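Chains, contacts and geometry: an overview
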Amino acid sequence: MTAPVHRLSAAAPQVGIGWRHPHYAALLEQQPALDFIEVHSENFFAPGGAALAVLREGREHYPVSLHGVGLSLGSAAGIDPWHLDQLARLVKTIEPVRVSDHASFARGAGLHAADLLPVPMSHAALTILCANVNQVQDRLQRTIAVENLSAYMRWREADMDEPTFLNALSQRTGCQLLVDVNNIYVNALNAQRRSVTTDPLGDCTRWLDAVQPRHVAEVHLAGHVHCDDIVIDDHGSRVHEAVWTLYSHAVRRWGAVPTLIEWDTDLPDFQVLLDEAARARSTAQRSLEAAALQVANA
């Protein structure tokens, strides 16, 4: 398996958007200047049909990143063979630029939670996650990327913090990381509401600094919403200013990592999505230039 090449130079950043059903026609008609598009893998598992046909058409114009929500990589029950079979077939058909899923579990004992539930940051959970990631990579014959969660519950059992856990996962399996900056910020805001921290932005910066740059394959940016006593990662609005600030910091540390604008609910006009992608590109470019200047002046 060959890992994606990590961009540490001041090369132009790659920026894409999540391609959702209401925007299928607009993307194909306008063919905007994007470096890739990303879709949810499970929406295209059915063999043949209109959905796969439109994805094939999109693939003619853009590299495709397949982002899954159903592998349940952290499940002690193991990987669902049927799900892995469908993913393998889709990967063979589309030949995506990246394949990703989440550091979560959703199934066990014959039940499915229909949600992305966090795994404990423990050695035992890490062993399970590594075994499942290795199984998926062996079957697909390619490296996958694993995403950090926005988590609304925490296990008492914890042997390490999240960046240490994810670094260890990547080190042991050779997998890459998909870092969702909005998820990190949402978790920090909820920790602040629980009086666990008084410095959410600083906590997020330290989180980003703790992740090894060589492990990062992609970044996600999205919106969130404040709901009374909790902040929800709803992917239903523009990226918040604090998340842009954190993204700029991440680019200065990691380089030109492919970046996705993720918008799944209350979908806006297609141009709004393109505007967010343009901001990601300009933010990354300025951050890369600032980092290069800092190195030159050191």
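Figured I'd write up the structure that's included with this text. Every residue gets a number counted from 1 within its own chain, in the order that chain's sequence is written. The predicted origin of the model limits local features to residues at a pLDDT of at least 70 and limits the giving and counting of side-chain atom pairs to 80 or more, whereas totals for whole chains, interfaces and linings rest on all residues. Derived side-chain values reflect all non-hydrogen atoms in the structure, with water molecules and hydrogen atoms excluded from consideration.

**Some points on the sheet that holds strand β2 (residues 36-40)**
- The strand order around the closed barrel formed by eight strands is β1-β2-β3-β4-β7-β8-β9-β12, and the pairing between neighbours is parallel. Sheet twist, expressed as the mean angle between neighbouring strand axes with direction ignored, is 25°.
- Helix α9 (residues 270-297) rests against β1 (15-18), β9 (216-221) and β12 (259-261) of the sheet, and its axis sits at about 150° to β1. Only strands that DSSP links by at least two bridges are regarded as paired with each other. Runs of E in the DSSP output that reach at least two residues are strands. Runs of H or I that reach at least four are helices, and both are numbered from the N terminus. Fitting a line to C-alpha atoms yields each axis, with helices limited to the stretch in contact; the angle taken between N-to-C directions then spans 0 to 180 degrees. Should any heavy atoms of two residues lie within 4.5 Å, those residues are considered in contact.

**As for the environment of Ala292**
- For Ala292, the position within the fold is in helix α9.
- Relative accessibility under 20% of the residue-type maximum defines a buried residue, over 50% an exposed one, and the middle range a partly exposed one, all with a 1.4 Å probe and only protein chains included. What makes Ala292 partly exposed here is its relative accessible area of 38%.
- Once the C-alpha coordinates of Ala292 and Arg252 are considered, the two residues, 40 residues apart in sequence, prove to be 8.6 Å apart.

**Thoughts on the side chain of Ser104**
- Residue placement: Ser104 occurs in strand β5 (residues 104-108).
- Judged by relative accessible area, Ser104 falls into the buried class, the value being 1%.
- Ignoring any residue separated from it by four or fewer positions in sequence, one finds Ser104 in contact with Ser72, Leu73, Gly74, Ser75, Leu116, Leu117, Val119 and Leu149.

**Some words on the pairing of β2**
- Counting buried positions along β2 yields five of five residues, so the element is predominantly enclosed.
- Residues Phe36, Glu38 and His40 line one face of β2 and the alternating positions Ile37 and Val39 line the opposite face, and both faces are buried.
- Examined bridge by bridge, β1 and β2 share three bridges and lie parallel to one another. Directly across from Ile17, in β2, lies its bridge partner Ile37.
- Here, the term right-handed applies to a crossover whose path from the first strand over the helix to the second runs clockwise when the strands point away from the viewer. Viewed along the sheet, the connection from β1 through helix α1 (residues 24-30) into β2 turns out right-handed.
- Note: β2 against strand β3 (residues 64-67), four bridges, orientation parallel. Its bridge partner being in β3, Val39 is matched across the sheet by Leu66.
- Tracing the backbone out of β2, into helix α2 (residues 49-61) and back to the parallel element β3 gives a crossover that is right-handed.

**Considerations on the packing of aromatic side chains**
- The aromatic pairing rule takes the rings of Phe, Tyr and Trp, using the six-membered ring of Trp, and pairs them if the centres are within 6.5 Å, calling planes under 30 degrees apart stacked, those over 60 edge-to-face and the rest tilted. According to the stated counting rule, one finds three aromatic pairs in the structure shown.
- Residues Trp19 and Tyr24 carry aromatic rings whose centres are separated by 4.8 Å and whose planes lie at 55° to one another, so their mutual orientation is tilted.
- With a relative accessible area of 1%, Trp19 lands in the buried category.
- Taking the centre distance of 6.2 Å and the plane angle of 70° together, the rings of Trp244 and Tyr247 count as edge-to-face. Taken together, the positions of Trp244 and Tyr247, both in helix α8 (residues 241-254) and three residues apart, correspond to about one turn of that helix. Side by side, Trp244 and Tyr247 carry an identical accessibility label, which is buried.
- A cation over an aromatic ring shows up here: Arg98 above the ring of Phe36, its NZ or CZ 4.7 Å from the ring centre. Two limits define a charge over a ring: the Lys NZ or Arg CZ must be within 6 Å of the ring centre, and within 35 degrees of the ring normal.

Purely geometric numbers; function is a separate question.
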